[in-house]
Amino acid sequence: MILKKLSKKQKPKKIVLAVGAHPDDIDIGCSGTISKIIQDGGEAFYLVLTDGSKGSEDSKISDKKLTKLRHAEQENAAKILGVKKVFFQDFVDGELENTPELRKQIVKIIRQVKPETVICFDPTLVYDENRRFINHPDHRVCGQATLDAIFPYARNVRSFPELLAEGLEPHVVEEVLLVNFGKHNFYVDISKTVDLKMKAISCHKSQFRDIEKFQERIKQMSAMLGKKSQPKAKYAEAFFRITLRQPS
Ligand SMILES: [Zn+2]
């Protein structure tokens, strides 16, 4: 028994940090993978950068009320998945800029949580002609600021000395999974967690006119990615994966 306990203790848990611009981004983009990591014994954390205060067709609802509602929706979704904690930064929705302050806040969470894997948007996705959309500017800024935070700032002892003074030591992230709807080199089988993903998405009621239709679209997309993955899976999420060289 003692030996078993020791070996369990020695094996570090996989820790993943997912960074999104708005409440709902992470659940739509990668909650099947998040849920799989948790089910495999890992720990997951969410970092949501904006307050979500522009995410409504209703011009009457106050920013404060909408933010409160969206926080609650995100917290509920995270609870369903078993996410350990959601960090809200509450920068103004639609106005996210890659400033030293934004990078510092992301570095702070990276140094606090110490993730092996970070999941964020691919900042190179500006538009997709085939899928007929322009990527939200907050998504691009979120992706770029998160990559910048991972390298060099989170691992550089001389960056943000005020964080070091708070006891937040440099941290080296090992792997980045970029959410990009068209460019993939890494697939995660989410067949066992796709239902939880659908439940998590359904928490974001304020964001959809017809949530069932949206869920169906996401499920179809996951099935299509499952066909592309090797080995094939019923449902998959896909990423562009970067494994980072460790300091020598
Ligand atoms: Zn978004």
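These lines cover the structure that appears in this document, whether it is placed above or below.

What counts, and where the lines are drawn
- The residue count restarts for each chain, going from 1 along the sequence in the order it is written.
- Confidence filtering applies because this is a predicted model: local features only for residues at pLDDT of at least 70, side-chain atom pairs given and counted only at 80 or more, and all residues used for totals across whole chains, interfaces and linings.
- As a rule here, side-chain values come from all non-hydrogen atoms in the structure, and water together with hydrogens is ignored.
- Each helix corresponds to a stretch of at least 4 residues labelled H or I by DSSP, and each strand to a stretch of at least 2 residues labelled E; elements are numbered beginning at the N terminus.
- Note on method: radius of gyration uses C-alpha positions; expected globular size equals 2.2 Å times residues raised to 0.38.
- Each residue is assigned to one of three classes by its accessible area relative to the maximum for its type, calculated with a 1.4 Å probe on protein chains only: buried under 20%, partly exposed between the two thresholds, exposed over 50%.
- Pairing between strands is defined by DSSP: at least two bridges between the two strands are required.
- The convention used is that axes are lines fitted to C-alpha atoms, helices contributing only their stretch in contact, and that angles between N-to-C directions extend from 0 to 180 degrees.
- What makes two residues a contact is simply this: any of their non-hydrogen atoms within 4.5 Å.
- Like-charged residues within 9 Å of one another, or nonpolar side chains (Val, Leu, Ile, Met, Phe, Trp, Tyr) within 5 Å, are grouped into patches, provided each residue has over 30% relative accessible area and no salt bridge.
- Only the protein chains shown count as cover for residues, and all accessible areas are computed by the Shrake-Rupley method using a 1.4 Å probe.
- The rule for a salt bridge is simple: a side-chain nitrogen of Lys or Arg has to be within 4 Å of a carboxyl oxygen of Asp or Glu.
- Because water is not among the atoms used, a metal site may look incomplete, as its donors are only the N, O and S atoms within 2.8 Å, or 3.2 Å for Na, K and Ca.
- Centres within 6.5 Å make a pair out of two Phe, Tyr or Trp rings, where for Trp the six-membered ring is used; the pair is then stacked when the planes are under 30 degrees apart, edge-to-face when over 60, and tilted otherwise.
- Whether a charge lies above a ring is judged from NZ of Lys or CZ of Arg, which has to be within 6 Å of the ring centre and within 35 degrees of the ring normal.

**What about the overall build of the protein chain?**
- Scanning the protein chain for helices and strands turns up 8 helices and 9 strands.
- In terms of overall size, the protein chain behaves like a compact globule, its C-alpha atoms giving a radius of gyration of 18 Å where 248 residues would be expected to give roughly 18 Å.
- For the protein chain, the spread of C-alpha atoms along the three principal axes comes to 50 × 40 × 35 Å.
- Residue burial in the protein chain is summarised as follows: out of 248 residues, 48% are buried.

**Structural notes on the sheet that holds strand β3 (residues 85–91)**
- Taken together, the 7 strands give an open sheet; going across it, the order is β3-β2-β1-β4-β7-β9-β8, and neighbouring strands pair in mixed fashion. Looking along the sheet, the strands with just one partner apiece sit at the ends: β3 and β8 (186–189). When strand polarity is set aside, the average angle formed by the axes of neighbouring strands in this sheet is 25°.
- Across the sheet, helix α5 (residues 137–150) is in contact with β1 (15–20), β2 (43–50), β4 (117–121) and β7 (175–179); its angle to β4 comes to roughly 150°.

**Re a nonpolar patch on the surface**
- The grouping of Val-126, Tyr-127 and Ile-134 at the surface amounts to a nonpolar patch, some 350 Å² of accessible area in total.
- Within the secondary structure layout, Ile-134 lies in strand β6 (residues 133–134).

**Focus on the coordination of the zinc ion**
- In this structure, His-22 (ND1), Asp-25 (OD) and His-139 (NE2) serve as the protein donors to the zinc ion, at separations of 2.0 to 2.2 Å.
- His-22 gets classed as buried once you look at its relative accessible area, which sits at 6%.
- For His-139, a relative accessible area of 14% corresponds to the buried category.

**A look at the packing of aromatic side chains**
- Summed over the entire model, instances satisfying the criterion amount to 4 aromatic pairs.
- Here the aromatic rings of Phe-133 and Phe-181 are separated by 6.0 Å at their centres, their planes lie at 80°, and the arrangement is edge-to-face. Highlighted residues: Phe-133 in strand β6 and Phe-181 in the loop between β7 and β8, separated in sequence by 48 residues.
- Here Phe-133 falls in the partly exposed class, since its relative accessible area comes to 25%.
- Judged by relative accessible area, which is 29%, Phe-181 ranks as partly exposed.
- Aromatic side chains Tyr-153 and Phe-160 sit 5.8 Å apart centroid to centroid with 55° between the ring planes, which places their arrangement in the tilted category.
- One cation-aromatic arrangement involves Lys-183 over Phe-240; the distance from NZ or CZ to the ring centre is 5.1 Å.
- The cationic tip of Arg-241 hangs over the ring face of Phe-186; the distance from NZ or CZ to the ring centre is 4.6 Å.

Geometric descriptors of this kind do not, in isolation, establish any biological role.
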